[in-house]
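Spelled out, the chains give:
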Amino acid sequence: MARIIGGIGTSHVPSIGAALDKGLRDSADWKPFFDGYEFGKQWMRDAKPDIAVVIFNDHGNTFFLDKVPTFAVGVAETYQPVDEGWGPRAIPPFEGAVDFSWHFVDKLVERHFDPLVCREIEVDHGLQVPMELFFGRPERWPVKILPIWVNTIQYPIPTPQRCWDMGLVLREAIESWPGDERVVIMGTGGLSHQLQGARAGFINQPADRAWLDGIAADPEPYRAMSREDYVEQFGSEGAELIMWLVMRAAMDPEVKLLHKHYHAPASMTGAGMVVLENAG
Ligand code: DHB
Ligand code: FE
């Protein structure tokens, strides 16, 4: 059986990657943000995962509004970082955990999920940025990945409960996998932000800070909230937070909150992260 060694929640704002590309890590604007991730980077070095399951959304870079899968899962050998318009980035391609990914897909279908299965696809900042935040800029990524895409872009997005249910299947897939890999689960997106419409620029710092504690200690209310509640509390793009529920549901009911960090704003977003371990 493979083993869940930790759960990560993190923002995936694209300008974080751009700041690293431009060498702005220690600039006055960015240093407080990046310093908050040092604990997470060290935790990752010590935890030595073999596989990172990354739950994120595409932002019109590999899917567009003409075709939007509610859930998609990658089973590819390799994932290239997609060029989002500023040219190719100096980060290596991501190696897929192919057999384990197929096992997860099979388990999903057995449990009545019907994902889009992707044999060939690129990954955007939703995956790139969290990987850089926790693994730095290695020549080669030290983990294989299982990417899971959730539609948080175009109405209707999946319910928080559905994301939670997928997390339960993810746990089942990890526990029924005959290998002995160490698996870290990374739920990405959020925290509060709205990039469009009348409330563009909306950030809700009290709700964000409550989220970072609540997702660890008492996630139940967040699972029970409606999609509209997420948009109201966290903004239309802050509804990306439903993807953290996939990670949280795969963890034990009781977890240790090893570290949390919050910085607002990063670009237009309340940026936050948590590092969780199962309590047992
Ligand atoms: C921003 C945040 C996001 O989560 C995203 O996907 C794109 C942009 C931002 O704040 O700029
Ligand atoms: Fe996003």
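Remember, it's a predicted structure, so these values are computed and weren't measured experimentally.

A closer look at the overall build of the protein
Then comes step 1: Secondary structure summary: the protein contains ten helices and ten strands in total.
Then comes step 2: In summary, the protein has a C-alpha radius of gyration of 17 Å against a globular reference of 19 Å for 280 residues, a match within 12%.
Then comes step 3: Seen along its three principal axes, the alpha-carbon backbone of the protein occupies a region of about 45 × 45 × 40 Å.
Then comes step 4: Residue burial in the protein is summarised as follows: out of 280 residues, 47% are buried.
Then comes step 5: A separation of at least 24 residues holds for 82% of the contacts in the protein among residues at least 6 apart in sequence.

A word on the sheet that holds strand β7 (residues 144–150)
Then comes step 1: With mixed pairing, the eight strands of this open sheet are ordered in space as β6-β3-β7-β2-β8-β1-β10-β9. Each edge of the open sheet carries a strand with a single partner, namely β6 (116–118) and β9 (255–266). Across the sheet, the axes of successive neighbouring strands diverge by a mean angle of 15°, strand direction being ignored.
Then comes step 2: Examined bridge by bridge, strand β2 (residues 51–56) and β7 share six bridges and lie parallel to one another. Bridge pairing in β7 places A52 opposite I145.
Then comes step 3: On the sheet, helix α4 (residues 98–110) packs against β2, β3 (71–74), β6 and β7 and is oriented at approximately 150° with respect to β3.

Describing the environment of A279
Then comes step 1: Relative to the elements of secondary structure, A279 occurs in the segment after β10 (269–278).
Then comes step 2: For A279, a count of 10 C-beta atoms within 10 Å corresponds to the exposed category.
Then comes step 3: For A279 and G238, which are 41 residues apart along the polypeptide, the C-alpha to C-alpha distance reads 28 Å.
Then comes step 4: If sequence neighbours within four positions are ignored, A279 has contacts with D252, E254, V255 and K256.

Focus on the environment of I121
Then comes step 1: Among the structural elements, I121 can be located in the loop between β6 and α5 (125–135).
Then comes step 2: Since 18 C-beta atoms lie within 10 Å of it, I121 is described here as partly exposed.
Then comes step 3: Distance in space between the C-alpha atoms of I121 and G74 is 7.6 Å, their sequence separation being 47 residues.
Then comes step 4: With sequence-adjacent residues up to four places away left out, I121 is seen in contact with T62, G74, A76 and Y79.

Topic: the nonpolar core
Then comes step 1: One finds V53, I55, M243 and V246 to be the most contacted residues of the largest nonpolar core, which totals 80 residues.
Then comes step 2: The element contributing the most residues to this core is helix α6 (residues 160–175), with seven residues.
Then comes step 3: Residues within four places of M243 in sequence aside, it is in contact with I55, F56, N57, V150, T152, C163, G187, T188 and G189.

Considerations on the packing of helix α1 (residues 14–21) against α5
Then comes step 1: Between α1 and α5, the least distance of the axes is 8 Å, while the angle of their chain directions is 55°. Here α1 is positioned oblique relative to α5, judged by the angle of their axes. Note that α1 runs across α5; the crossing there is left-handed. Counting all contacts with α1, which are made through P14, I16, G17 and L20, the residues of α5 involved are H125, Q128, V129, E132 and L133.
Then comes step 2: Counted by class, the contact of α1 with α5 contains five nonpolar, three polar and one charged residues.

Examining the pairing of β7
For a regular strand, the rule is simple: side chains alternate between the two faces of the sheet.
Then comes step 1: In terms of burial, β7 is largely enclosed, as six of its seven residues are buried.
Then comes step 2: Note: β3 against β7, three bridges, orientation antiparallel. Residue pairing in the sheet places V73 in a bridge with I148 of β7.

Thoughts on the environment of G7
Then comes step 1: Tracing the backbone through its elements, the reader meets G7 in strand β1 (residues 3–10).
Then comes step 2: As for G7 and A216, which are separated by 209 residues in sequence, their C-alpha atoms are 9.9 Å apart.
Then comes step 3: In this structure, G7 is in contact with I185, M247, R248, M251, V255 and L276, ignoring residues within four places of it in sequence.

Some remarks on the packing of α4 against α6
Then comes step 1: It is at 9 Å that the axes of α4 and α6 come closest, and there the two elements cross at 130°. With respect to each other, α4 and α6 are oriented oblique. In the packing of α4 onto α6, the handedness of the crossing is right-handed. For the pair α4 and α6, contact is made by H103, F104, K107 and L108 and by V169, L170, E172 and A173, respectively.

Quick notes on the rules
- Residues numbered from 1 in each chain as written.
- Chains lettered and ligands numbered in written order.
- Predicted model: local features only at pLDDT ≥ 70, side-chain atom pairs only at ≥ 80, totals over all residues.
- Helix = DSSP H or I, 4+ residues; strand = E, 2+ residues; numbered from the N terminus.
- Rg over C-alpha atoms; globule rule 2.2 N^0.38 Å.
- Buried ≥ 20, exposed ≤ 12 C-beta atoms within 10 Å, placed from the backbone.
- Contact = placed C-beta atoms within 7 Å.
- Pairing = 2+ DSSP bridges.
- Axes fitted to C-alpha atoms, helices over the stretch in contact; angles between N-to-C directions.
- Core = buried A, V, L, I, M, F, W, Y, C linked by C-beta atoms within 7 Å.
- Parallel < 35°, antiparallel > 145°, perpendicular 65-115°, else oblique.
- Left-handed = near helix turned anticlockwise from the far one by under 90°.
- Nonpolar A, V, L, I, M, F, W, Y, C, P; charged D, E, K, R; others polar.

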